[in-house]
There are 2 protein chains.
Amino acid sequence: MVRDLTALAYAAASIALLRLSSALILASKSPRRRQLLRQLGLSFIVIPSHVSELVPDSVTPERHVQRLALRKADAISRRRRSSLVLGADTIVVHRNRTIGKPGSVRDAARILRRLSGETHAVHTGIALTHRASGRRVAAAEVTQVTFGSLTDREIAAYVESGSPMDKAGAYGIQDEQGALFVQRINGDFYTVVGLPLRRLYLTLKQHYPDFLVA
Amino acid sequence: MVRDLTALAYAAASIALLRLSSALILASKSPRRRQLLRQLGLSFIVIPSHVSELVPDSVTPERHVQRLALRKADAISRRRRSSLVLGADTIVVHRNRTIGKPGSVRDAARILRRLSGETHAVHTGIALTHRASGRRVAAAEVTQVTFGSLTDREIAAYVESGSPMDKAGAYGIQDEQGALFVQRINGDFYTVVGLPLRRLYLTLKQHYPDFLVA
């Protein structure tokens, strides 16, 4: 009886918690962010923005990722005034040093050796901008990630898979092998993947209720 | 140049960190566990085992999940003596009370109301058995999960989606809406989904090196 109800509910899975009255623009080319937005069942289009990623060293990681997320969203908002635009930025910080995307295969291996057996922080900022109504909102989340001790063979196999190359910190917590390296996290999981889903949801509810379908 | 190398590496994504010399048997009918094993690139077959899930109340959650994981693996190992069998069990504990799968839609809503704004623990046990060599190994992980405050509307929408019905604790941290409810976790993410991937990997390396392809 209950099983039948469940099956029915699954079939009619149109009841989404989060629905927008118009398509969102994702100002990022990250395939992970795209997949997470899809997971939420949101309709959106992707228009990557090309902005300078330079931020003064004196800026804290928390402000760094919000500033870049805003820069990315603003760049698209200028051209699409009536659209809601989502920008995001992720950086990895280990012992007060920011670790970006690896520049080469050797660099990826070097980064992974550094993170091995250590805890680092993943900061992700999001920005939601809507030029027509003059709204510009940013928020950030941070999650601590502890790696297990990695062997040279494990690092080599992961680097050879190619997966580390387009990722800040040279790993993806959600990919085949990245998942094996992470011992524990403290914070929001999706922040590590590149888009803090609950924070996005709360920001939409707070600042863009007019875009939500009740 | 680097980009081309990366593309090549992606194309030849046959370099897996974790490969087994023979197919594993997953003694669980959970679609999440199946998906996680697939994510690792492991080859396996599914033979759900039907065992009693009764465990005395006096048993700690950590032992509870290991005992049931072993029970599930043993049930299959008896019939498939030369196969490596993986069993797993997950329970949710909130304020010293164990929360299982919801028995009804109303029960699911009641569970979610209880977890709202609170921290609970998700325990997952795994067992790897191989009857031919007499090996029986179990391990467990625990992850703390903190929910945000949920509104009645959010709970109703999630319950109506049907997703909570087959899950201990009435939510899936990886599904569309479950992801929106979780504020933070402390521990391994995959333990909450139902299979601690790094623990599985370490257990295989330690106790079943003869099954790993170097």
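Refer to the preceding data block for the structure.
Here the structure is a predicted model, which means the values were calculated and not measured. Here the residue index of a chain counts from 1 through its sequence in written order. Working convention: letters from A go to chains and numbers from 1 go to ligands, in the order in which they are written. In keeping with the predicted nature of the model, local features appear solely for residues at pLDDT of at least 70, side-chain atom pairs appear and are counted solely at 80 or more, and the whole-chain, interface and lining totals rest on all residues. With hydrogens and water stripped out, all remaining heavy atoms of the structure feed into the side-chain values.

A closer look at the overall build of chain A
Here is step 1: Summing up its helical and strand segments, chain A has 8 helices and 7 strands in all.
Here is step 2: What the globule rule says is 2.2 Å times the number of residues to the power 0.38, and the radius of gyration is computed from C-alpha atoms. Relative to the 2.2 N^0.38 estimate, which gives 17 Å for 214 residues, the radius of gyration of chain A is 19 Å and therefore close to what a compact globule would have.
Here is step 3: The proportion of buried residues among the 214 residues of chain A is 54%.
Here is step 4: In this analysis, two residues are considered to be in contact whenever any of their non-hydrogen atoms come within 4.5 Å of each other. A fraction of 67% describes how many contacts in chain A between residues 6 or more apart in sequence connect residues 24 or more apart.
Here is step 5: For the purpose of counting charges, residues Lys and Arg are taken to be positive, whereas Asp and Glu are taken to be negative. His and the chain ends are not included. To locate a charge, take atom NZ for lysine, CZ for arginine, CG for aspartate or CD for glutamate. Treating the 31 positive side-chain charges of chain A as one cloud and the 17 negative ones as another, the clouds have centres 7 Å apart. In DSSP terms, a helix is any run of H or I states spanning at least four residues, a strand is any run of E spanning at least two, and both are numbered starting from the N terminus. Here the term buried applies to any residue with accessible area under 20% of the maximum for its type, exposed to any over 50%, and partly exposed to those in between, with areas from a 1.4 Å probe on protein chains only.

Here we look at the interface of chain B and chain A
Here is step 1: Contact with chain B, which involves 46 residues of that partner, is made by 46 residues of chain A.
Here is step 2: In total, chain B and chain A occlude about 4,100 Å² of area from one another, counting both sides; carbon and sulfur atoms represent 55% of this.
Here is step 3: Salt bridge, as applied in this entry: a Lys or Arg side-chain nitrogen positioned within 4 Å of an Asp or Glu carboxyl oxygen. Linking chain B with chain A are 2 salt bridges.
Here is step 4: Throughout this description, a polar contact denotes any pair of N or O atoms lying within 3.5 Å of each other; where both atoms belong to protein, one of them has to be capable of donating a hydrogen while the other can accept it, and for residues adjacent in sequence the pair is counted only when both atoms sit in side chains. Taken together, the links from chain B to chain A amount to 14 residue pairs in polar contact (both at pLDDT 80 or more).
Here is step 5: The set of elements that each furnish at least two residues to the side of chain B that touches chain A consists of helix 1 (2-11), helix 5 (152-160), helix 6 (178-181), strand 7 (182-187), helix 7 (189-193) and helix 8 (197-207) of chain B.
Here is step 6: At 6 residues, strand 7 of chain B tops the list of elements feeding residues into the side of chain B that touches chain A.
Here is step 7: Charged residues are taken to be Asp, Glu, Lys and Arg, nonpolar residues to be Ala, Val, Leu, Ile, Met, Phe, Trp, Tyr, Cys and Pro, and polar residues to be all remaining types, Gly included. Here the side of chain B that touches chain A is composed, by residue class, of 21 nonpolar, 14 polar and 11 charged.
Here is step 8: Being paired, for any two strands, means DSSP has found at least two bridges between them. Looking at chain direction, strand 7 (residues 182-187) of chain A and strand 7 of chain B are connected through 3 bridges and run antiparallel. Paired with asparagine 186 of chain A across the bridge in strand 7 of chain B is asparagine 186 of chain B. As used here, buried area is the combined drop in accessible area, with a 1.4 Å probe, of two parts when they are placed together.

Observations regarding the side chain of aspartate 188 of chain A
Here is step 1: Tracing the chain through its elements places aspartate 188 of chain A in the loop between strand 7 and helix 7 (189-193).
Here is step 2: Buried aspartate 188 of chain A, no salt bridge; nearest opposite-charge side chain is arginine 198 of chain A, N-O distance 8.0 Å.
Here is step 3: Only 2.8 Å separates the side chain of aspartate 188 of chain A from the side chain of threonine 191 of chain A, close enough to count as a polar contact.
Here is step 4: If we ignore the near neighbours within four places in the chain, the residues touching aspartate 188 of chain A are Thr143, Pro196 and Leu197 of chain A together with Val182, Gln183 and Arg184 of chain B.

A short note on the relation of the copies chain B and chain A
Here is step 1: C-alpha atoms of residues with pLDDT of at least 70 in both copies form the basis for the least-squares superposition of the copies. Rotating chain B by 180° and moving it 0.0 Å along the rotation axis overlays it on chain A with an RMSD of 0.0 Å. Within this description, the copies of the chain are treated as partners about a two-fold rotation axis. Ranked by how close their C-alpha atoms come to the rotation axis, the residues of chain B are headed by asparagine 186 of chain B, at 2.2 Å.
Here is step 2: When the interface residues of chain B are mapped onto chain A, 100% of them again fall at the interface, so both copies present the same face.

Considering unusual backbone geometry
Residues and elements named next belong to chain A.
Here is step 1: Positive phi is not limited to glycine here, since asparagine 96 has a value of about 65°.
Here is step 2: Locating asparagine 96 in the fold gives a position in the loop between strand 3 (85-94) and strand 4 (97-99).
Here is step 3: On the basis of relative accessibility, which here comes to 79%, the residue asparagine 96 falls in the exposed class.
Here is step 4: Its identity as a non-glycine residue notwithstanding, alanine 170 has a phi of 65°, on the positive side.

Focus on the nonpolar core
Here is step 1: For our purposes a nonpolar core is just a set of buried Ala, Val, Leu, Ile, Met, Phe, Trp, Tyr and Cys residues, chained together by side-chain atoms within 4.5 Å. Membership of the largest hydrophobic core comes to 105 residues, with the highest contact counts inside it found for Tyr171 of chain A together with Tyr171 of chain B.
Here is step 2: The residues contacting tyrosine 171 of chain B, other than those within four sequence positions of it, are Leu112, Leu115, His120, Val122, Val145, Phe147, Tyr158, Pro164, Val182 and Val192 of chain B.

Function-wise, these values are silent; they only describe arrangement.
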